[in-house]
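Inside the fold
Chain by chain, the residues:
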Amino acid sequence: MNALRPAVIAVASGKGGTGKTTMAVHLALASARTRATLLVDLDVEAPDVLGYFPMVEPLEAPSSVSVAVPRLVGAFCTGCGLCANSCRFGAIIAIGGVVTIDEKVCKGCGRCVAVCPAGALVEGRVEVGAMVESRVGALSLLEGRMAVGDIRSTAVIDAAKRRAAELGGAAHIRDCPPGISCPATHAMEGADFVILVAEPTRFSAHDLFGAMRYVRDRGLAAGILINKYGFGSVDIEELADREGLPVVGRVAFERDRAGAGAAGRLWESNGDFMRQMEDLVTTLIDMGNSSRGGFR
Amino acid sequence: MIVTVASGKGGAGKTSIAAALVAALAPRCVGADCDVDAANGAIALGARLVEGEASDYYAGPGFRIDQAVCMACAACVEACRFDAIEAEAGAFDPGPGAILGPRGYSIVVELCERCGACLDVCPNGAIYSYEKKAGELFVSSTRYGIPLVHAELFPGEDTSGKLVRAVRERAEALAQDGATLIVDAPPGIGCPVIASLSGSDLVVVVVEASLSGVRDAGRLLELIASMRRRSIGILNKTGLNADMDKAARACLAASGVAIGGEILFDPSLRSAEEGGKAWNEVEGEAGERVRAALASVLRSIEELTKPKSARDSGKELI
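Scope of this entry: the structure provided in the associated data block. No experiment lies behind these values; they were computed from the predicted model shown.

By the definition in use, this model includes 37 salt bridges over all chains. With a shortest N-O distance of 3.4 Å, A:R218 and B:E110 are connected by a salt bridge. Here A:R218, found in helix α6 (residues 202-218), pairs with B:E110, found in the loop between β6 (101-107) and α4 (117-121), and the two come from separate chains. A residue is classified by how much of its surface remains accessible, and A:R218, at 26% relative accessible area, is partly exposed. With relative accessibility at 14%, the residue B:E110 sits in the buried group. Sharing partners across several salt bridges, the network here consists of A:D48, A:E143, A:R145 and B:R215.

So this is what it looks like as structure tokens:
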């Protein structure tokens, strides 16, 4: 058996607004009824999980997420410009022997510090976001939040993933950012199963197609959860079938539910829906246990 | 004149409102779909590719490790700050008496930031850089007769902000003779959003009347204020919950942003869109609300395009 580690389910989508956060929240609540569950908000540019739990207080003060950025010790700098040449992010300019560092676009890779022959660069930390932990009954919550005006979302996502791994438990549900570029792929990376939430509209179908291609190329186990079933013109089942991905659930469109969702009200009182969520988590975990020697 | 439609939250109605703006302004506008991760502008505008108007997009070099040369010393693993280098299965046998380690290492493209720190430290020269096509940029003609610049980022590719800049540049070159450029921004507040907002004369902030919509719009409004962009708000999906409608208005008011209109949550808008119609082409109250909101935006655009002397006090905004 593998060492104990949680089953990680990532809830993603190509298109925004298909219901990722709603589904992630309810999957996690249902899962927490029978197993130690952590809900991780990795949509760090627009984190909304905690909005569903307005009464919940953070367990402690938010912890800072920072990256190491170079700072110039002017007295040692020879103006050789090797640091600027090494930087792939345009964060360092050297003109006429004068080195200028833009901390806001630095990704903190440390390459410049390593190449400086004069030891004129030392690293300091700059805050790019924060993490908040809280708990609702048996469900633990971890939110990653990028600072407004920053661009280093992946640094916050990676930090939240590391923290989640430390926290352990039996199941992790990740609420991922929309899209298929670096923030989304960082959030999906390392998951045992990816649930792609789609709605039956032309926009969603187009974006789902990109997301399906991604999970397939990356070799991630994945399935489609169709939300707002009956609310558009596209046959998502057919699309999923063509790409060889299973449909793992359908949630019908209801105006009342849209209203509750708008207000961030939970659907916990809906027994059928909660059972559907619980069964989905259980099925995915069982599937993982049998197919690859277990998450646990 | 550059008008950018943004929302913070995904699915708030950016693309639909941008398409309606294009429909209202045509033929005096150009469209730019900067949501390159989830590019739906072409669907919304019934766009068809113009002959010869597709170009390849390169995101900049990435790195690979040549397994035949890698000696499994792990210097690159040490140097990588992004945990993007993983061990290859199997064992490398460096000779008698040595401890068996992994067979070699490889770079996880999805996690690699392409900084090149690994390249500098590899003692064997096993790491090399490569260029790979990361997407495509298109100019299409729309059913409104105006061009749409859009792009497709290949799944898993990095640096979408750079592709957004490429889309913007191409579209700005097309928007000549006083044509308005309508930019559809991606969700979030990160690098591709900043690239979409920069240089905008007016930002149309779409606030979905929901808890998440209001929260995300709040963060976007903070970003817009820090970038000193002028903006106007449109509420979308109103009428589902009165408290959320109120919260959406309050969030715009708190940032001193005027409300240009309020669009109802109405499945008929969705149906029209699925049938290839813009929202402002819908009959009845739902369409009426859209037209009223667009009229406010058009008034703001008109105000901003007046000769400088007539609005000299408005130049430095907020």
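So, next bit.
The subject of this paragraph is the interface of chain B and chain A. Many structure descriptions define interface size as the accessible area lost when the parts assemble. The interface is formed by 63 residues belonging to chain B together with 63 residues belonging to chain A. Summing both sides of the interface, chain B and chain A together bury roughly 5,100 Å²; the carbon and sulfur share of this comes to 53%. At the boundary of chain B with chain A, the tally comes to 9 salt bridges. Connecting chain B to chain A are 29 residue pairs in polar contact (both at pLDDT 80 or more). Of all the secondary-structure elements, those providing two or more residues to the side of chain B that touches chain A are α1 (14-25), α2 (41-44), α4, β9 (147-153), α6 (191-197), α7 (211-226) and α9 (267-274) of chain B. It is α7(B) that contributes the most residues to the side of chain B that touches chain A, 7 residues altogether.

It is worth spelling out the packing of aromatic side chains at this point. According to the stated counting rule, one finds 4 aromatic pairs over all chains in the structure shown. Where A:F231 meets A:F253, the ring centres are 4.2 Å apart and the plane angle is 20°; that geometry is what we call stacked. Within this pair, whereas A:F231 is found in the loop between β10 (222-229) and α7 (236-243), its partner A:F253 is found in the loop between β11 (247-252) and α8 (255-262), the two being separated by 22 residues in sequence. By the ring-pair criterion, three or more aromatic residues cluster together here, those being A:F231, A:F253 and B:F265. In this structure, A:R257 is placed above the aromatic ring of A:F273, and the distance from its NZ or CZ to the ring centre is 5.3 Å. A cation over an aromatic ring shows up here: B:R64 above the ring of B:Y130, its NZ or CZ 3.6 Å from the ring centre.

Cut-offs and rules
Chains are numbered independently. Their residues run from 1 in the order of the written sequence. Chain letters start at A and ligand numbers start at 1, both assigned in the order the entries are written. A pLDDT threshold of at least 70 governs which residues receive local features in this predicted model, and a stricter bar of 80 or more applies before side-chain atom pairs are shown or counted, although totals over entire chains, interfaces and linings include all residues. The basis for every side-chain value is the complete set of heavy atoms in the structure, and neither hydrogens nor water enter the calculation. Salt bridge, as used here, is a side-chain nitrogen of Lys or Arg placed within 4 Å of a carboxyl oxygen of Asp or Glu. For the purposes of this entry, the term helix denotes a DSSP run of H or I that reaches at least four residues, the term strand denotes a run of E that reaches at least two, and both are numbered from the N terminus. Residue burial is assigned from relative accessible area. The probe radius is 1.4 Å, only protein chains are included, and a residue is buried under 20% of its type maximum, exposed over 50%, and partly exposed in between. By definition, residues are in contact when any of their heavy atoms lie within 4.5 Å. When two components associate, each loses some accessible surface as probed by a 1.4 Å sphere; the sum of these losses over both components is called the buried area. Polar contacts, as counted here, are pairs of nitrogen or oxygen atoms within 3.5 Å of one another; within protein the pair requires one atom able to donate a hydrogen and one able to accept it, and residues that are adjacent in sequence qualify only if both atoms are side-chain atoms. In this analysis, rings of Phe, Tyr and Trp, with Trp reduced to its six-membered ring, are considered paired at centre separations within 6.5 Å, and the interplanar angle assigns stacked below 30 degrees, edge-to-face beyond 60, and tilted for intermediate values. As a reminder, the over-ring test applies to NZ of lysine and CZ of arginine, requiring each to be within 6 Å of the ring centre and within 35 degrees of the ring normal.

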